[in-house]
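The chain contents come next:
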Amino acid sequence: MIPGLEPVPLRELQALGTSRVWDVEGQLEAMPSLTPVRGTLRAEHRGNLLEVEGSLQTIVCLRCDRCLGRFNQELKAESKELIWLGDEPTEELLAEAGLDSETPDGLVDFLNPRGDFEPERWVFEQLSLQMSVVNRCGDLCPGMPQATPEPREPSTAVTVDPRWQALQDLQSSLQPDGGDHD
Ligand SMILES: [Zn+2]
């Protein structure tokens, strides 16, 4: 938990009448990082909308998908979002708020106006978005680890298939012994 980033009731932000600013410094439980997550976050209640913007950075340790080596990656997020306050917005409501329903500029989410805004979750989401789907340690990636040859199993004695074994037994029973030749 990042200190000071406790959920805050949206009504409290509304009552504030101005934007609230958080200083961010700490570790996210859901995303362990080498350096604390640092930055700032600002949220402003604008009636139907919550405007949130933040500037965040941290360094995480990742594992390369190719060589399986560990490497550090800096994550930086500069984000600005509009969160709709209410049920999923209809086109009319969006139009009223001056937003184009086709391309609701920055409108990404909606929240219950009687619920809470969770600054820490927002920070986590913004940094998660910066993570690449595929992790590569860089241009100097040594590539796939060479498969070390498995020590060979000592070859087991040739075993005869039981069906052949039966045939062999039959053959030897049919063969006359050496003594009958005379
Ligand atoms: Zn690599």
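For the structure given in this document, a descriptive report is provided here. (Residues numbered from 1 in each chain as written. Predicted model: local features only at pLDDT ≥ 70, side-chain atom pairs only at ≥ 80, totals over all residues. Heavy atoms only, no water.)

Observations concerning the overall build of the chain
Within the chain one finds four helices and seven strands. Ordered by position in the sequence, the α and β elements of the chain form the string β-α-β-β-β-β-α-β-β-α-α. Counting across all 182 residues of the chain, residues that qualify as buried make up 29%. Taking contacts inside the chain between residues at least 6 apart in sequence as the whole, the part at least 24 apart equals 59%. In the structure as shown, the chain presents an accessible area of about 12800 Å², 50% of it carried by carbon and sulfur atoms. (Helix = DSSP H or I, 4+ residues; strand = E, 2+ residues; numbered from the N terminus. Buried < 20%, exposed > 50% of the residue type's maximum accessible area, 1.4 Å probe, protein only. Contact = heavy atoms within 4.5 Å. Areas by Shrake-Rupley, 256 points an atom, 1.4 Å probe, with all protein chains shown as cover.)

Some remarks on the coordination of the zinc ion
Around the zinc ion, the protein supplies C64 (SG), C67 (SG), C137 (SG) and C141 (SG) as donor atoms, at distances of 2.3 Å. One way to put it: the four donor atoms around the zinc ion meet at angles of 104 to 114 degrees, and that makes the site tetrahedral. Mapped onto the sequence, the residues coordinating the zinc ion show the spacing C-x2-C-x69-C-x3-C. Taken together, the residues span a long stretch of sequence, with C67 in the loop between β4 (49-63) and β5 (70-85) and C137 in the loop between α3 (119-128) and α4 (162-174) at a distance of 70 residues. (Donors = N, O, S within 2.8 Å, 3.2 Å for Na, K, Ca; no water. Tetrahedral: all angles 85-135°; square planar, octahedral: opposite > 155°, others 65-115°.)

A look at unusual backbone geometry
A positive phi angle, near 65 degrees, is found at L68, a position not held by glycine. With respect to the helices and strands, L68 occurs in the loop between β4 and β5.

So, the packing of aromatic side chains
Following the criterion strictly, the structure yields one aromatic pair and no others. Between W22 and F117, the aromatic rings sit 5.9 Å apart at their centres with planes inclined by 55 degrees, giving tilted as the arrangement. Note that W22 is positioned in strand β2 (residues 20-26) and F117 in strand β7 (residues 116-117), a separation of 95 residues in sequence. Here the two residues W22 and F117 agree in accessibility, since each one is buried. (Phe/Tyr/Trp six-rings, centres within 6.5 Å; stacked < 30°, edge-to-face > 60°.)

So, the nonpolar core
L50, F117, V123 and L127 are the most contacted members of the largest nonpolar core, which totals 30 residues. Elements with a minimum of two residues in this core: α1 (10-16), β2, β3 (37-46), β4, β5 and α3. Each residue touching L127, except ones within four places of it in the same chain, is listed here: L28, M31, V37, L56, T58, L75 and A77. (Core = buried A, V, L, I, M, F, W, Y, C linked by side-chain atoms within 4.5 Å.)

Observations concerning the environment of G54
Along the chain, G54 falls in strand β4. By relative accessible area, which is 10% here, G54 ends up buried. When residues no more than four places from it in sequence are discounted, the contact partners of G54 are T40, L41, A77, E78, S79 and W122.

Some points on the pattern of salt bridges
The tally for this structure, following the rule as stated, stands at seven salt bridges. Salt-bridge contacts for E53 lead to R42; the nearest nitrogen and oxygen are separated by 2.6 Å. Taken together, the residues E53 in strand β4 and R42 in strand β3 connect sequence positions 11 residues apart. According to the relative accessible area criterion, E53 is partly exposed, its value standing at 28%. (Salt bridge = Lys/Arg side-chain N within 4 Å of Asp/Glu carboxyl O.)

Some thoughts on the pairing of β4
Note: β3 against β4, nine bridges, orientation antiparallel. In the sheet register, A43 faces β4, and the bridge partner there is V52. Bridge count for β4 against β5 is 15 bridges, and the pairing is antiparallel. Within the sheet, the bridge partner assigned to L56 lies in β5 and is A77. Where β4 folds back onto β5 in an antiparallel hairpin, the turn is made up of six residues, including L68, whose phi is positive at roughly 65 degrees. (Pairing = 2+ DSSP bridges.)

Remarks on the environment of V60
One can find V60 in strand β4. V60 gets classed as buried once you look at its relative accessible area, which sits at 2%. For V60 and E74, which are 14 residues apart along the polypeptide, the C-alpha to C-alpha distance reads 6.4 Å. If we ignore the near neighbours within four places in the chain, the residues touching V60 are M31, P32, S33, L34, F71, N72, Q73, L75 and M131.

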